[in-house]
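Residue strings, one per chain:
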Amino acid sequence: MSAEEPLFRVVRGVPTAEELAALVGAIIVRSRPATAPAPATPSAWARSGRPASPGGWRTAGLPR
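Just so you know, these numbers come straight off a predicted model, no measurement behind them. (Residues numbered from 1 in each chain as written. Predicted model: local features only at pLDDT ≥ 70, side-chain atom pairs only at ≥ 80, totals over all residues. Heavy atoms only, no water.)

Draft legend 1. Quick peek at the overall build of the protein chain. Helix and strand counts for the protein chain come out as 3 helices and 0 strands. In the protein chain, the order of α-helices and β-strands from amino to carboxyl end is α-α-α. Sorting the 64 residues of the protein chain into buried and exposed places 2% on the buried side. (Helix = DSSP H or I, 4+ residues; strand = E, 2+ residues; numbered from the N terminus. Buried < 20%, exposed > 50% of the residue type's maximum accessible area, 1.4 Å probe, protein only.)

Draft legend 2. Focus on the confidence of the model for the protein chain. Looking at the protein chain as a whole, its pLDDT mean stands at 79, while 78% of the residues score no less than 70. When mean pLDDT is taken per element in the protein chain, helix 1 (residues 17-31) scores highest with 89 and helix 3 (residues 57-60) scores lowest with 65. (pLDDT = per-residue confidence, 0-100.)

Draft legend 3. A nonpolar patch on the surface, seen in detail. Residues Leu-7, Phe-8, Val-10, Leu-20, Leu-23, Val-24, Ile-27 and Ile-28 make up a contiguous nonpolar surface patch of about 670 Å² in total accessible area. Topologically, Leu-20 is positioned in helix 1. (Patch = residues over 30% accessible without salt bridge, like charges linked within 9 Å, V, L, I, M, F, W, Y side chains within 5 Å. Areas by Shrake-Rupley, 256 points an atom, 1.4 Å probe, with all protein chains shown as cover. Salt bridge = Lys/Arg side-chain N within 4 Å of Asp/Glu carboxyl O.)

Here's what the structure looks like:
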């Protein structure tokens, strides 16, 4: 396929600009993966710098 060749073409009928836009939108939505990729888990190095208490850094500086 060359850069000049369209990805799809209308074989029958004369669609309006709105109909073509709806078709392109439907094709784009269907070509996306069905599920979102899982978020990357933080490394052990990043986790080591975080307070483990429920209040996090806010309670880290308070007297116990």
